[in-house]
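Descriptive analysis of the structure
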Amino acid sequence: MSLKRVITIDGPAGAGKSTVARRVASALGYLYVDTGAMYRAMTLKVLMHGVDPADRERVAQLARETDIALTTGPDGAPQVVLDGVDVTHRLREPGIDRAVSTVAAFPEVRERLLVVQRELARRGGVVLEGRDTGTHVAPDADLKLYLTASPAERARRRYRELVAAGHQVTLEQVERELRRRDEQDMTRSAAPLQRAPDAIEVDTTGRSIDAVVAEILRYCREDD
Ligand code: DC
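These remarks concern the structure in this document.

Criteria and thresholds
Residues numbered from 1 in each chain as written. Predicted model: local features only at pLDDT ≥ 70, side-chain atom pairs only at ≥ 80, totals over all residues. Heavy atoms only, no water. Helix = DSSP H or I, 4+ residues; strand = E, 2+ residues; numbered from the N terminus. Expected span 1.5 Å × (residues − 1). Buried < 20%, exposed > 50% of the residue type's maximum accessible area, 1.4 Å probe, protein only. Polar contact = N/O pair within 3.5 Å; in protein donor to acceptor, adjacent residues only side chain to side chain. Near = heavy atom within 4 Å. Areas by Shrake-Rupley, 256 points an atom, 1.4 Å probe, with all protein chains shown as cover. Pairing = 2+ DSSP bridges. Contact = heavy atoms within 4.5 Å. Axes fitted to C-alpha atoms, helices over the stretch in contact; angles between N-to-C directions.

**What about helix α2 (residues 35–48)?**
Between its first and last C-alpha, α2 extends 20 Å over 14 residues, near the 20 Å set by a 1.5 Å rise per residue. With eleven of 14 residues buried, α2 lies mostly within the body of the structure. All of the buried residues in α2 are Thr35, Ala37, Met38, Tyr39, Arg40, Ala41, Met42, Thr43, Leu44, Lys45 and Val46. The opening residue of α2, the one whose side-chain oxygen lies 3.3 Å from the backbone nitrogen of Gly36, is Asp34.

Take a look at the structure:
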């Protein structure tokens, strides 16, 4: 029985990718690479510098001066390090949600982060998670998954996450925000969110995380 060494998990916001990818990586003893967190860290830097997220020239300049790394913290949890500082706890703020798709659409930002992501993929023993990991970051991955869920369920999940983190939002606001972000991620010209033709689609609507993880682990252990 052969294990797949490079696994990619892509899909729209709220499809359950992060939780599932983290669990699959931990079950296999693989590194979990949250590529969305890298785009979020870049967006945090843009906002901290008071730069307009839509100002391509200034964002591109900042990207050139930015160092983003993924590491594992003392408790084994993944950490995102922005210019030497752990910023993991700041990446889910609504301000970042609003600006991240704009920043992530610039080819200069994508090229910069792609180098780090490909280097991590090259080592093998990784679960890459994001929007373009099966189509661009690791097109030769051993196993590609595309996670989906109904728009209503995706919004409910994201709403619960935000409320649990103490943010004051309504379900309608979250729904609107997700729709806008999906549209931006799917229609941009640089590496848009798309299902790779060779990806297995997994619909997580109404299913438990355990069930989805078990299904994916079966694919991971299948013989070629
Ligand atoms: O998965 P997430 O919500 O943390 O991702 C945040 C944003 O980052 C998402 O709206 C689009 C962008 N992103 C991307 O463009 N490419 C990726 N591989 C991952 C995320």
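**What to know about the site of the ligand**
Around the ligand, the surrounding shell holds 15 residues, and the nearest of these are Arg40, Arg110, Asp132, Arg181 and Arg188. For the ligand, an oxygen atom lies 2.7 Å from a polar atom in the side chain of Arg40. Between the ligand and Arg188 there is a distance of 2.8 Å, counted from an oxygen atom to a side-chain nitrogen or oxygen. About the coverage of the ligand: the protein hides 98% of its 450 Å² of free accessible area. For the shell around the ligand, the elements supplying multiple residues, two or more each, are α2, α4 (94–104) and α8 (171–187).

**Overview of the pairing of strand β4 (residues 78–82)**
When you tally the buried positions in β4, you get four out of five residues, the bulk of the element. In terms of strand pairing, β4 meets strand β5 (residues 85–86) through two bridges, oriented antiparallel. Opposite Val81, over in β5, you have Asp86 as the bridge partner. What sits between β4 and β5 in their antiparallel hairpin is a turn of two residues, with Asp83 showing a positive phi close to 45°.

**Brief notes about the sheet that holds β4**
On the basis of which strands lie adjacent, the open sheet formed by three strands has the order β3-β4-β5 and antiparallel pairing. The open sheet has two free edges, formed respectively by β3 (68–72) and β5, since each of these has just one partner strand. Sitting on the sheet, α2 is in contact with β3 and β4, with an inclination near 35° to β4.

**Some details on the side chain of Arg188**
You can see Arg188 is positioned in the loop between α8 and β8 (200–203). In terms of polar contacts, Arg188 uses its side chain to reach the backbone carbonyl oxygen of Ala190, at 2.8 Å. Within the local environment of Arg188, its side chain forms a polar contact with the backbone oxygen of Ala191, the two atoms lying 2.7 Å apart. Ignoring any residue separated from it by four or fewer positions in sequence, one finds Arg188 in contact with Ala104, Ala105, Arg110, Arg131 and Leu193.

**Digging into unusual backbone geometry**
Backbone geometry at Asp83 places phi at a positive 45°, although glycine is not the residue there. The topology assignment puts Asp83 in the loop between β4 and β5. The partly exposed category is assigned to Asp83, whose relative accessible area is 35%. Non-glycine residue Ala191 carries a positive phi angle of around 45°. As for its position among the elements, Ala191 is in the loop between α8 and β8. For Ala191, a relative accessible area of 11% corresponds to the buried category.

Interpretation note: all reported values are geometric properties and have no functional meaning in isolation.
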